[in-house]
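Overview (structure and organization)
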Amino acid sequence: MTTYAALLRGINVGGNKKLPMAELRALMTGLGYDSVQTYLQSGQAAFTAAHGDTESLAAELAKAVEERFGFSADVLVRDHAYLKAVVEACPFPAAELAAKQLHVTYLSEPVAPERYADIDPAAHLPEEFRLGDRALYLYAPDGLGRSNLAEALSRPRIHKGLIATTRNWNTVVKLVELTAGQA
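The text that follows walks through the structure, step by step, so that each part is easy to find.

Reading the values: the criteria
- As a convention, each chain's residues are numbered from 1 in the sequence order in which they are written.
- Under the rules for a predicted model, residues below a pLDDT of 70 receive no local features and side-chain atom pairs below 80 are neither given nor counted, while totals for whole chains, interfaces and linings still include all residues.
- Hydrogens are left out, water is left out, and the side-chain values use all remaining heavy atoms of the structure.
- Here, nonpolar core refers to any group of buried Ala, Val, Leu, Ile, Met, Phe, Trp, Tyr and Cys residues whose side-chain atoms link them within 4.5 Å.
- Residue burial is assigned from relative accessible area. The probe radius is 1.4 Å, only protein chains are included, and a residue is buried under 20% of its type maximum, exposed over 50%, and partly exposed in between.
- A run of DSSP states H or I qualifies as a helix once it reaches four residues; a run of E qualifies as a strand once it reaches two. Both are numbered from the N-terminal end.
- Only when DSSP finds a minimum of two bridges between them are two strands counted as paired.
- This arc corresponds to the set of directions leading from the helix axis out to the C-beta atoms.
- Pairs of N or O atoms within 3.5 Å make up the polar contacts considered here, provided that, within protein, one atom can donate a hydrogen while the other can accept it, and that residues adjacent in sequence are counted only when both atoms are side-chain atoms.
- Lines are fitted to the C-alpha atoms to define the axes, a helix being fitted only along its stretch in contact, and any angle between axes, read from their N-to-C directions, falls within 0 to 180 degrees.
- We call two residues contacting when some pair of their heavy atoms lies within 4.5 Å.

**Description of the nonpolar core**
Of all hydrophobic cores here, the largest spans 24 residues; its most connected members are Leu-8, Leu-19, Met-28, Phe-47, Leu-61 and Val-65. Mapped by element, the contributors of at least two residues to this core are strand 1 (2-8), helix 1 (21-30), strand 3 (44-49), helix 2 (54-69) and strand 4 (75-79). The element best represented in this core is helix 2, accounting for 6 residues. Listed in part, the 21 residues of the second largest apolar core include Ala-99, Tyr-106, Tyr-139 and Val-172.

What follows is the structure, given as structure tokens:
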């Protein structure tokens, strides 16, 4: 059995795509996943599965959400080792920052720096971003809601063709914890 985290993009945001976590846990259990736990209301769950890989599990869960709830939701699935590596590779001093200042955008596939060539890093200082393994790290000292860089990075053309979903540092660390138990 491998332990994973499922990251659902855009659910329970602004009253749209409502998906109660108890119903998500029941849906995932019905798919044959074990030890299903959800975290917060913003679309993340930890689980174990004896079948599939990250791609097939994400596709299976996305299809089940659409069939059960009537809306599509992009889903990324990542295993414990990957989630732990994202934390360990953080290019910013996470221990010195408030969780609201540091975010990770999980990406469905690796991206080249050229994708972000139109974003002038100097124009957004002191905000910064760095690329990792299918992850984008964002330092936003005033938080995500006030971040001009986050706005620039979230333009549809920037992540065209990708699934991209962002979590604050508390959630990033919690996903490592939730998937560690049976890893």
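**Examining the pairing of strand 7 (residues 135-139)**
A large share of strand 7 lies buried, amounting to 5 of its 5 residues. Burial along strand 7 is two-sided: Ala-135, Tyr-137 and Tyr-139 facing one way and Leu-136 and Leu-138 facing the other are all buried. Of the pairings in the sheet, the one linking strand 5 (residues 102-107) to strand 7 comprises 5 bridges and is antiparallel in character. For Val-104, the partnering residue across the bridge sits in strand 7 and is Tyr-137. Pairing analysis gives 5 bridges linking strand 6 (residues 128-132) to strand 7, with the strands arranged antiparallel. Counted as the bridge partner of Leu-131 is Leu-136 from strand 7. With antiparallel pairing between neighbouring strands as the criterion, strand 6 and strand 7 make up a hairpin whose turn holds 2 residues, including Arg-134 at a positive phi of roughly 55 degrees.

**Re helix 3 (residues 80-88)**
Within helix 3, the full set of buried residues consists of His-80, Tyr-82, Leu-83 and Val-86. Taken around the axis of helix 3, the buried residues stretch over an arc of 165 degrees, which confines them to a single face. Turned more than 90 degrees away from the buried face of helix 3 sit Ala-81 and Glu-88, all of them exposed. Of the residues flanking the start of helix 3, the one acting as N-cap is Asp-79, its side-chain oxygen 3.3 Å from the backbone nitrogen of Ala-81.

**Some details on the sheet that holds strand 6**
Here 4 strands make up an open sheet; going across it, the order is 6-7-5-8 and the pairing antiparallel. Each edge of the sheet is formed by a strand with only one pairing partner; in this case those strands are strand 6 and strand 8 (164-168). Averaged over all neighbouring strand pairs, the angle between strand axes comes to 20 degrees, with direction disregarded. Examined bridge by bridge, strand 5 and strand 8 share 5 bridges and lie antiparallel to one another. Bridge assignment links Leu-107 to a residue of strand 8, and that residue is Ala-164. Relative to the sheet, helix 5 (residues 169-180) contacts strand 5, strand 7 and strand 8, its axis offset from that of strand 8 by approximately 95 degrees.

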